[in-house]
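# Examining the three-dimensional arrangement
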Amino acid sequence: MGLFLRDNSFFTEDHEGVLHALEEFWTTEGHRLAFLSAEEHDSHDAYTLFTGWNGWTQLSWTRGWEWDLRRRAQLHVSRALGCPGLLTFVHDGDMWGYELFDAGVVLDQFVHWCDPTDFFPGKDTTGRPEILVAAFPALSLDLRHAAGYLSPFPEDEEDELAWDTHVRPGDRWTRGNALVFEDFWRFLGITEPRQGQHGRIVMPAPVWRRFTVETDRKRRTARST
């Protein structure tokens, strides 16, 4: 089985603010955050919130593939903190994609290879590098490099050789490889993840909190009466 990954990258180092906004969102949905003890960290499938690092705060999702509530949660965080951010996802090590947002509004979506309706039905998922660059003016991103990473599978077979090239000198992966998201993260300054055991991503930023989302039965009962 290949790599499965779903991570939010918020353009802020305010990890406490990210957590507070997440608590706000899930509370309004009748849920609560259940924090894990240090002893439980390695034995539970949980959200992992990292300490703010290099301008970013990273949130790794659980292994579940629920797609609606979690994306609404990321938009709430972006709206509450007034910051842009990304959802990066990798499916079975075969393809990757992203969703770009700012101040709670989706700006762009990209799917590297597969039927885009599996993720964003009815949306243009070819990726718009100019929007990515404009969302992060402080990073002074190179538009040519942004366009290189946001390269969907070419329809013309003759272009496949160009697809299997590196975007920037020093990149580890060609843009035709789903793991090119690692180089994309490094391009943005998020961090450079490393492959650990069982395909897990090892992040250099310290873990700050790990938690699960549980139904708040008391709140649900109160709302129904």
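Residues numbered from 1 in each chain as written. Predicted model: local features only at pLDDT ≥ 70, side-chain atom pairs only at ≥ 80, totals over all residues. Heavy atoms only, no water.

Let us now look at unusual backbone geometry. With a phi angle near 55 degrees, Asn54 is a residue other than glycine that sits in the positive phi range. You can see Asn54 is positioned in the loop between β3 (47–50) and β4 (57–60). Asn54 sits in the partly exposed class, given a relative accessible area of 46%. (Helix = DSSP H or I, 4+ residues; strand = E, 2+ residues; numbered from the N terminus. Buried < 20%, exposed > 50% of the residue type's maximum accessible area, 1.4 Å probe, protein only.)

What follows is about the sheet that holds strand β1 (residues 5–10). The strands making up a sheet associate through hydrogen bonds between their backbones, and the pairing can be parallel or antiparallel. Overall, antiparallel pairing links the eight strands, which are arranged β2-β10-β3-β4-β1-β5-β6-β7 in an open sheet. In this open sheet, the two edge strands, each paired with only one partner strand, are β2 (31–35) and β7 (105–111). Pairwise comparison of adjacent strand axes, ignoring direction, gives a mean angle of 20 degrees for this sheet. (Pairing = 2+ DSSP bridges. Axes fitted to C-alpha atoms, helices over the stretch in contact; angles between N-to-C directions.)

Right, let's talk about the environment of Leu132 for a bit. Checked against the element boundaries, Leu132 lands in helix α3 (residues 129–135). Note on Leu132: relative accessible area 0%, which makes it buried. Separated by eleven residues in sequence, Leu132 and Leu143 place their C-alpha atoms 8.6 Å apart. Leaving out residues up to four positions away in the same chain, Leu132 has contacts with Leu86, Tyr98, Leu100, Leu141, Ala146, Leu150 and Phe184. (Contact = heavy atoms within 4.5 Å.)

With that out of the way, let us pick up helix α2 (residues 69–81). Helical geometry note: an α-helix holds 3.6 residues per turn, so side chains three or four residues apart project in the same direction. Under the 1.5 Å per step criterion, the end-to-end length of α2 is 18 Å for 13 residues, consistent within 8% with the ideal 18 Å. For α2, the complete set of buried residues consists of Leu69, Arg70, Arg71, Ala73, Gln74, Leu75, Val77 and Ser78. Contact partners of the buried residues in α2: β1, α1 (15–28), β3, β5 (84–91), β6 (95–102) and β7. Count one or two residues on from α2 and you reach Gly82, which has phi positive near 65 degrees. (Expected span 1.5 Å × (residues − 1).)

So, on to the packing of α1 against α2. Relative to each other, α1 and α2 sit at 130 degrees, their axes nearing to 9 Å. In terms of orientation, α1 and α2 fall into the oblique class. The interaxial crossing formed by α1 with α2 has right-handed handedness. Here Gly17, Val18, Ala21, Leu22, Glu24, Phe25 and Trp26 of α1 lie close against α2, whose contacting residues are Leu69, Arg72, Ala73, His76, Val77, Ala80 and Leu81. Of the residues in the contact of α1 with α2, the class split is ten nonpolar, two polar and two charged. (Parallel < 35°, antiparallel > 145°, perpendicular 65-115°, else oblique. Left-handed = near helix turned anticlockwise from the far one by under 90°. Nonpolar A, V, L, I, M, F, W, Y, C, P; charged D, E, K, R; others polar.)

Moving on: the pattern of salt bridges. Applying the stated rule across the entire model yields eleven salt bridges. The partner of Glu99 in a salt bridge is Arg71, with the nearest N and O atoms 2.8 Å apart. Of this pair, Glu99 sits in strand β6 while Arg71 sits in helix α2; the two residues are 28 residues apart in sequence, bridging distant segments of the chain. By relative accessible area, which is 19% here, Arg71 ends up buried. Two residues, Asp142 and Arg144, come together in a salt bridge whose shortest N-O distance is 2.9 Å. One connected set of salt bridges, linked through shared partners, spans Arg168, Asp171, Asp183 and Arg186. (Salt bridge = Lys/Arg side-chain N within 4 Å of Asp/Glu carboxyl O.)

With burial as the criterion, each face of β3 is covered, one bearing Tyr47 and Leu49 and the other bearing Thr48 and Phe50. As paired elements, β3 and strand β10 (residues 207–215) share four bridges and run antiparallel to each other. Within β10, the position partnered with Phe50 by the bridge is Val207. For β3 and β4, the ladder comprises two bridges, and the chain directions are antiparallel. Note on β4: the bridge partner recorded for Leu49 is Leu59.

Inspection of the entire model under this criterion finds 21 aromatic pairs. Look at Phe89 and Phe120: their rings are 6.0 Å apart centre to centre, the planes differ by 65 degrees, and that puts the pair in the edge-to-face class. Of the two residues, Phe89 is situated in strand β5 and Phe120 in the loop between β7 and α3; the sequence distance between them amounts to 31 residues. Both residues of the pair, Phe89 and Phe120, belong to the buried class. (Phe/Tyr/Trp six-rings, centres within 6.5 Å; stacked < 30°, edge-to-face > 60°.)

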